[in-house]
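Results of the structural survey
Okay, here's what each chain looks like letter by letter:
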Amino acid sequence: MSTATLAPAPLTDAAVEHVISLMRTTRMPHARAVVAEVLATAKAQRWDPTEVVRVLLEAEATGRNRSMLATRRKHAGFPTGKTVTAPHVIDPARFLSEQLEQASPDLMRSMLTTFINALMSAEADAVCGAEYGARSEARTNSRNGYRHRDFDTRTGTVDVAIPKLRQGSYFPDWLLERRRRAEAALTTVVATCYLLGVSTRRMEKLVETLGITRLSKSQVSVMAADLDTQVEAFRTRPLDAGPYTFVAADALVLKVREGGRVVNVHAMVATGVNADGHREVLGIQASSAEDGAGWLAFFRDLTARGLTGVKLVTSDAHAGLVAAIGATLPGAAWQRCRTHYAANLMSVTPKSSWPWVKTLLHSVYDQPDAESVHAQFDRVLDALAQKLPKVADHLEAAREDILAFTPFPKGLWRQIWSNNPQERLNKEIRRRTDVVGIFPDRPALIRLVGAVLAEQHDEWIEARRYLGLDLIQQSQAVGTRQADTTEQEDSNNDLALSA
């Protein structure tokens, strides 16, 4: 039994009006011209109006251009000899591309630089709420110069000028990628592990994602050499933005393959606040042990590169670290991290008394000024001496170390009385190094950790100030005032004796 083929229903006027009303709300270019031609063809060939509506709406919903619609019309049976727009229309993108292909690379780089800088300037004006140099009540921010970044293109490297703002920061995410060096370093480290046959199971998916199976040893070597040069330049740069009033130091333990076995290597990291109030990564070194010799060599390298004007160093109570600070930074006070000390204090406190002792210790840091801090510390000692004398002795012995922040302005206590900012930096390093697990060698460790720190350093320099300039100036005068007072008292005593 044969099946009869039903002819499509004619396109009625009501269907035409329905299509037109739908297309009026579309975002497709030249919508009216498209509708007119499609409807004319559909009427002549007696197409089902529902099929016409489906084709048009699907093309609009997917956000395709006219070529997408032309392809669908071809598959649907529409004639393809005509264009859907008026003849002799020039495609600006295609015309410009054809002209630029015949131009010199210098002209193309110049045009590209001008175009990119204009776009970034327009975006910065939008963030500020007003054009550059214009007075407006709608302005919410203002420009503060430029920072230069290299942008690699097919016509060569372009130097783009990214606008800086007085408050906050601006970064063209549509043009440049953040942390490009860190991602490249991660690729080289994972590739090295893969090529040496020491990759772990958790790295297999990452190897596939990064396409490392298609890299040769020579390609990895070239990538690693370029990154090693950048990281070495960052690690050995002169520290000429001082004085570095506040410094924080800490170490991470990472695993490295050496001599056919896996050993622990300590990555020592130091950060500081420069004279402009921005945080900087001061240095990174790898050591076999976190002992006095390792920390002493690390701080000697920092001072040789220009670390000066340090008033306070915040860290944990590692004996070698504290001794290295005293040996290389004379005149700098040492602040014992309050978070680390709280854990140390709980180790000598009965577990049932932890909530009470923690509350007492936190009350010391909640005081409005230095005098109140010391007064509350005395009250806490009196309260503990009666019930927990061992805890009271432990707290009394650490008094000078955990209250070293009090001579400095109250406005920056939170930034200097603990190593929590440094711990957040360590967390970012861990996020990258945990992917690798075990490094193939020490240069790979320095490459990845150094690249992460270099990217973080750039972000800090581009961001708003970590500490205000007035607070830094007051902090720089803390030790000076005390020294002047002591010298004045000594001179008065000498005069009295001579008289």
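Here, the structure is the one placed above.
Concerning the overall build of the chain
When helices and strands are counted, the chain shows 20 helices and 8 strands. A sequence separation of at least 24 residues applies to 64% of the contacts in the chain between residues at least 6 apart. When the accessible surface of the chain is split by element, carbon and sulfur atoms take 53% of a total near 27,700 Å².

Points about the nonpolar core
F246, L345, L384, L395 and I402 are the most contacted members of the largest nonpolar core, which totals 35 residues. Within the residue set of this core, elements represented by two or more residues are α12 (338–346), α13 (354–365), α14 (370–387), α15 (389–397), α17 (413–416) and α20 (469–498). Excluding its chain neighbours within four sequence positions, the residues that come into contact with L345 are V357, L361, V391, H394 and L395.

Focus: the pairing of strand β7 (residues 333–336)
Looking along a regular strand, one sees the side chains alternate between the two faces of the sheet. With 4 bridges joining them, strand β6 (residues 312–315) and β7 adopt parallel strand pairing. Among the inter-strand pairings, S315 is bridged to a residue of β7, identified as R336. With respect to chirality, the unit in which β6 leads through helix α11 (residues 319–328) into the neighbouring parallel β7 is right-handed.

Describing the packing of aromatic side chains
For any pair of aromatic rings, the description consists of the separation of the ring centres together with the inter-plane angle of the planes. All told, the structure shown has 8 aromatic pairs when counted by the stated rule. Members of the aromatic cluster, connected to one another through ring pairs, are Y365, F405, W413 and W417. The ring of Y466 has R279 sitting right over it, with the charged end atom 5.0 Å from the ring centre.

Quick word on empty space enclosed by the protein
In this approach the atoms are scanned with a rolling probe the size of a water molecule, which exposes any empty space left behind. This structure, assessed with the given rule, holds 2 cavities of 30 Å³ or more. When its volume is computed, the largest cavity comes out at roughly 150 Å³. Lining of the largest cavity is provided by 15 residues; of these, F246, A248, V273, Q415 and Y466 occupy positions nearest its centre. Going through the elements one at a time, β3 (246–258), β4 (261–273), α17 and α18 (420–436) are the ones with two or more residues in the lining of the largest cavity. Class assignment for the residues of the lining of the largest cavity results in 8 nonpolar, 6 polar and 1 charged.

Some details on the pattern of salt bridges
Here the idea is simple: oppositely charged side chains can pair when their charged atoms come close. Going through the model one piece at a time under the given rule, you end up with 11 salt bridges. Linking R147 and E462 is a salt bridge whose minimum nitrogen-to-oxygen distance equals 3.4 Å. Of this pair, R147 sits in strand β1 (residues 143–153) while E462 sits in helix α19 (residues 442–462), and the two are 315 residues apart along the sequence. Exposure class is identical for R147 and E462. Each is buried. Residue E428 pairs with R432 through a salt bridge whose shortest N-O separation is 3.7 Å. Pair noted here: E428 and R432 are both in helix α18, with a separation of 4 residues, about one helical turn. By relative accessible area, which is 4% here, R432 ends up buried. One network of salt bridges, in which partners are shared, links E428, R431 and R432.

As for unusual backbone geometry
Going from G242 to P243, the amide bond is cis rather than trans, its omega being 10 degrees. Within the secondary structure, P243 is located in the loop between α9 (217–235) and β3.

A look at the packing of α12 against α15
One way to put it is that α12 packs onto α15 with a least axis distance of 10 Å and a crossing angle of 155 degrees. Considering the angle they form, α12 stands roughly antiparallel to α15. By crossing handedness, the relation of α12 to α15 is classed as right-handed. Within the contact between the two elements, α12 uses Y341, N344 and L345 and α15 uses V391, H394 and L395. Of the residues in the contact of α12 with α15, the class split is 4 nonpolar, 2 polar and no charged.

Some points on the pairing of β6
Neither face of β6 is open: one carries L312 and T314, the other V313 and S315, and all of them are buried. Relative to β6, β3 runs parallel, the two being bridged by 3 bridges. Across the sheet, the residue bridging to V247 is V313, located in β6.

Calculation notes
Residues numbered from 1 in each chain as written. Predicted model: local features only at pLDDT ≥ 70, side-chain atom pairs only at ≥ 80, totals over all residues. Heavy atoms only, no water. Helix = DSSP H or I, 4+ residues; strand = E, 2+ residues; numbered from the N terminus. Contact = heavy atoms within 4.5 Å. Areas by Shrake-Rupley, 256 points an atom, 1.4 Å probe, with all protein chains shown as cover. Core = buried A, V, L, I, M, F, W, Y, C linked by side-chain atoms within 4.5 Å. Buried < 20%, exposed > 50% of the residue type's maximum accessible area, 1.4 Å probe, protein only. Pairing = 2+ DSSP bridges. Right-handed = clockwise from strand over helix to strand, strands pointing away. Phe/Tyr/Trp six-rings, centres within 6.5 Å; stacked < 30°, edge-to-face > 60°. Lys NZ or Arg CZ within 6 Å of the ring centre and 35° of its normal. 1 Å grid on protein atoms, 1.4 Å probe; cavity = no way out; pocket = protein on both sides within 12 Å on 5 of 7 lines; lining within 4 Å. Points joined across faces, edges and corners; volume = space filled by probe spheres on them. Nonpolar A, V, L, I, M, F, W, Y, C, P; charged D, E, K, R; others polar. Salt bridge = Lys/Arg side-chain N within 4 Å of Asp/Glu carboxyl O. Axes fitted to C-alpha atoms, helices over the stretch in contact; angles between N-to-C directions. Parallel < 35°, antiparallel > 145°, perpendicular 65-115°, else oblique. Left-handed = near helix turned anticlockwise from the far one by under 90°.

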